[in-house]
Structures are given as structure tokens and as C-alpha cells.
Amino acid sequence: MLVDAFMAAFGVWEEARPYLHLIVDEDEMRLIVAMAGRTVTVQGAADLLGILPEQAEALLQRAYSRCVVNKTPEGHYAPADFYARLDHFAKYENWDDIPPADRKMLDRRFLDAFIERHRASVERKMQGLAAENALPNDTILLLHEVEEMIDAATEIIVQPCDCRRLGQNCDKPVETCIWLDDGARAALDRGHGRRLTKEEAKRLVRRADQKGLMHTADSEWRTRGLHAICNCCADDCYPFRAAQELGSKGVWPRSRYIAAFNTDLCRFCGACVRRCHFGAFYHDGATVEVDGKTKPNVRFDPSKCWGCGLCANTCTEQAISMLPLEHRAAAV
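Residues numbered from 1 in each chain as written. Predicted model: local features only at pLDDT ≥ 70, side-chain atom pairs only at ≥ 80, totals over all residues. Heavy atoms only, no water.

> What should I look at first to understand the pattern of salt bridges in this one?
Two side chains carrying opposite charge are able to pair once their charged atoms lie near each other. Summed over all chains, the structure comprises 33 salt bridges. Ionic pairing is found between Glu 245 and Arg 108, a salt bridge with its closest N-O pair at 2.8 Å. Taken together, the positions of Glu 245 in helix 13 (residues 238–246) and Arg 108 in helix 7 (residues 100–126) put the pair 137 residues apart, joining distant regions of the chain. A salt bridge links Arg 195 to Glu 155, with the shortest nitrogen-to-oxygen separation between them at 2.8 Å. On the criterion of sequence distance, the pair formed by Arg 195 in strand 6 (residues 194–195) and Glu 155 in the loop between helix 8 (143–152) and strand 4 (156–159) is long-range, its members being 40 residues apart. The structure contains a network of salt bridges with shared partners spanning Asp 25, Glu 28, Arg 62, Arg 66, Arg 85 and Glu 93. (Salt bridge = Lys/Arg side-chain N within 4 Å of Asp/Glu carboxyl O. Helix = DSSP H or I, 4+ residues; strand = E, 2+ residues; numbered from the N terminus.)

In C-alpha cells:
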């Protein structure tokens, strides 16, 4: 049966079987089954499927756009997998046609797959060893640091956040994933992404920051090259959800800063409490008198701080600053 053969060849999760008709069509299933894990040319695909080369080319290009196949540096085509296809499907296609309960189930299955893909590298990093594979969202960065990355980029696009499309656990902005240079060009080659100027990209990350999204990227981009800037929440974003399950706080995504809280300057507005994703700033149940008004007391637990800077960015009294971790360690 075609469906069973496709599911085996493409690594489709059994939970997705009822919705396979939304995610791929029969031509794509036949293509993947015929490829049998091999890389093919347009003519090779035509021969495997018994169709004309121009028909094979149209099918391959459509499948490439939909992340059913990938393109090699030589311009040939290789099968993708269900993980990549579902990621693209959630961002750009009919993800919302799947009932909410089953979306939640598939989101959880995707998170499990994400964790297993990166577990070994994360565990190596937690042991102080070099990761064998690149990790997404390597480091938590401050707003001015991602603006430096934007200034250095030659190509910039924005795409929907796959994590918030898949998870749908918060109401924060979705069109927030910025891809840079080679990453941007790869997305554009598939026909996706909206080009941004540098000023448009900076406005986007500032707005994301205002809306309470943390910034993650590769802090070593100057030597390893630019790729992407993610604007993340703790409710949906897979690296943060995975990190909390793996216990990798501070190591991955890597923290480089910690908040310093000056209670003498605090006016107890509570903005930091509302902005913090991890409960580092919190109300302890006590109250304080400020300008004749009673306000909830604000406390800070540095052990819960991930160093994203959202608290400092919103503090009108400059009662919070971000301190590099190495300086904090030297001062203790």
C-alpha cells in the first residue's frame, strides 16, 4: 500500500496518519517511495516514475518548495523527512486544519524528536566537551548584540516562527524568525521568506523585544558565519522547552549574562515580574509603600535567571542591569 510504504520511507509518525492527506499528496508519496533514499536527477526521477522529464522537474521543484525533498550542491534531489516537512507545513500551510487536541499531540511528538536529535550534543556540552553537531539557538543574546548581527548581514529575510506555529501556547508575534546570508538564500531558493532591509530587521527585533521575546543566535558568528536570529518564548520555543527537560540551563541555550537588581532604585512597578519567562523576578506576597501607594514587593532569584535582558530593557528606573557572567564570577 502506497501510504504504508511512504510512511516507512519518510519516517512519518503514526500519530500523523489521519492527516497525511493534508501534509503530502499522492505524487509526492510516489516520488519518495520510488527514490528509496537515493539522490536523483530530474531524468532519474522521470525514469523511476515513468513520466516526462518536464513533469518530473515540476514535481521535484514543488516537492523542494514544500520540504519534501532537499537539493544537493550539485543541483540533484534527495529525500527530506517527515520532521522537516511538518516544520514547513506548520509554518506555511494547513496546520490549523488539524483539530487542536491532535495538534497538541503532534507538537509534543515534535518536541520529543527535537530533544532526541540534540540530546547527545547537549549532554556533551553539559560535561564540558565540544558538541559533535551544531546546536540551534546556541546562545542567548542581548538586543544590541543581535542588532550588530543585522548590521553585518548581506541578505536578510523573516519567516514565521515554527515553534510558535507548532505549539500555539502563547499570543506573542509569530513572524519573527530572521534568517541571514546563506540561511536566507537557502530559504529564498525554496520560494519562502520575506526580504527585509537592515532597518526593517532592527525594528522587528525591537518590537519582538517589546512583546517579551528573548533573542537567540550563534554568539560566534564572526568566525562561524551568520545564519539566523530567533526571537523566543519559553512557552513554545523548542530549545527552551527542551533545555528545561534536559536540565541544560545556562549551557544550552548558553547564558552569558545575569541580571543585577538594585532594590534602592526599584519603584516596584512589576514590569520585570511580568516580563520574566522563568520567574526570576517575582512577588513574594509582601507589600511596600511607594509615593503613598501600596505595591507588591519585588524579589529576584538569580538562580532562575537565564540572562535574556528582557527585565533590564523594560525597567524605567534603571534598577536592573545585565552583568557578564565572568564579571559576576570574578566578583564573588
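Moving on, there is more to tell.
> Help me understand the nonpolar core, please; the structure alone is not making it clear to me.
Proteins that are soluble and globular tend to have nonpolar side chains buried together. Judged by nonpolar contacts, the single largest core of 64 residues is most densely connected at Val 69 and Leu 86. For this core, the element with the highest residue contribution is helix 7, accounting for seven residues. When sequence neighbours within four positions are dropped, the list of residues in contact with Val 69 reads Leu 31, Ile 32, Met 35, Leu 60, Ala 63, Tyr 64, Tyr 77, Ala 78, Pro 79, Ala 80 and Arg 190. With 21 residues, the next largest nonpolar core counts Cys 272, Phe 281, Cys 311 and Ile 320 among its residues. (Core = buried A, V, L, I, M, F, W, Y, C linked by side-chain atoms within 4.5 Å. Buried < 20%, exposed > 50% of the residue type's maximum accessible area, 1.4 Å probe, protein only. Contact = heavy atoms within 4.5 Å.)

> Looking at this structure, I do not really get the state of the cysteines. What am I missing?
Chemically, a disulfide is nothing more than a covalent bond linking the sulfur atoms of two cysteines. Tallying each qualifying case throughout the model produces zero disulfides. Residue Cys 237 stays outside any disulfide, its sulfur separated by 4.1 Å from that of Cys 232, the closest cysteine. On the accessibility criterion, Cys 237 (1% relative accessible area) is buried. For the unlinked cysteine Cys 269, the closest cysteine sulfur is that of Cys 272, found at 6.3 Å. For Cys 269, a relative accessible area of 47% translates into the label partly exposed. (Disulfide = S-S within 2.5 Å.)

> I would appreciate a short explanation of the side chain of Ser 255 in the present structure.
For Ser 255, the position within the fold is in the loop between helix 13 and strand 9 (257–261). In terms of polar contacts, Ser 255 uses its side chain to reach the backbone carbonyl oxygen of Trp 306, at 2.8 Å. Apart from the residues lying within four places of it in its own chain, the contact partners of Ser 255 are Ile 140, Gly 250, Trp 306 and Leu 325. (Polar contact = N/O pair within 3.5 Å; in protein donor to acceptor, adjacent residues only side chain to side chain.)

> What should I look at first to understand empty space enclosed by the protein in this one?
Empty space among the atoms can be located by rolling a probe the size of a water molecule over them. In this structure the tally under the stated criterion is one cavity of 30 Å³ or more. Empty space within the largest cavity amounts to approximately 100 Å³. Around the largest cavity sit 16 residues that line it, and Cys 276, Ala 280, Cys 305, Cys 308 and Cys 311 are the ones nearest its centre. Where the lining of the largest cavity is concerned, the elements lending two or more residues are helix 14 (271–275) and helix 15 (310–314). (1 Å grid on protein atoms, 1.4 Å probe; cavity = no way out; pocket = protein on both sides within 12 Å on 5 of 7 lines; lining within 4 Å. Points joined across faces, edges and corners; volume = space filled by probe spheres on them.)

> Sorry, what's going on with unusual backbone geometry here?
Working note: non-glycine residues mostly have negative phi, and peptide bonds are mostly trans. Each neighbour pair has its own omega, and for Trp 252 with Pro 253 the value is -15°, a cis peptide bond. Topologically, Pro 253 is positioned in the loop between helix 13 and strand 9. Although it is not a glycine, Asn 137 sits at a positive phi angle of roughly 50°. Residue position: Asn 137 is located in the loop between helix 7 and strand 3 (139–141). Judged by relative accessible area, which is 14%, Asn 137 ranks as buried. For Gln 318, which is not glycine, the phi dihedral falls at a positive 55°. A residue is classified by how much of its surface remains accessible, and Gln 318, at 65% relative accessible area, is exposed.

> Can you help me understand the sheet that holds strand 5 (residues 177–180) in this one?
In a beta sheet, neighbouring strands pair by backbone hydrogen bonds and run either parallel or antiparallel. Read from one edge to the other, the open sheet built from six strands follows the order 3-7-8-5-4-6, with strand pairing classed as antiparallel. Taken across any chain shown, the strands that pair with only one partner, and hence form the sheet edges, are strand 3 and strand 6. Where strand 4 and strand 6 come together, two bridges link them in antiparallel fashion. Across the sheet, Val 158 pairs through a bridge with Arg 194, a residue of strand 6. Strand contacts of helix 10 (residues 182–190): strand 4, strand 5 and strand 6, with the helix running at about 105° to strand 5, the strand carrying the most contacts. (Pairing = 2+ DSSP bridges. Axes fitted to C-alpha atoms, helices over the stretch in contact; angles between N-to-C directions.)

> Sorry, what's going on with the environment of Leu 323 here?
Mapping Leu 323 onto the fold places it in strand 12 (residues 320–324). Sequence spacing of Leu 323 and Arg 256 is 67 residues, and the spatial spacing of their C-alpha atoms is 8.5 Å.

> Please clarify how the packing of helix 6 (residues 82–92) against helix 7 should be interpreted in this entry.
A pair of packed helices is captured by two measures, namely the crossing angle of their axes and the spacing between those axes. Packing of helix 6 against helix 7 brings their axes to within 11 Å, and their N-to-C directions diverge by 130°. By the angle class used here, helix 6 and helix 7 are oblique. In this structure, helix 6 crosses over helix 7, and the sense of that crossing is left-handed. Between helix 6 and helix 7, the residues in contact are Tyr 83, Leu 86 and Asp 87 and Phe 110, Ala 113, Phe 114 and Arg 117, respectively. (Parallel < 35°, antiparallel > 145°, perpendicular 65-115°, else oblique. Left-handed = near helix turned anticlockwise from the far one by under 90°.)

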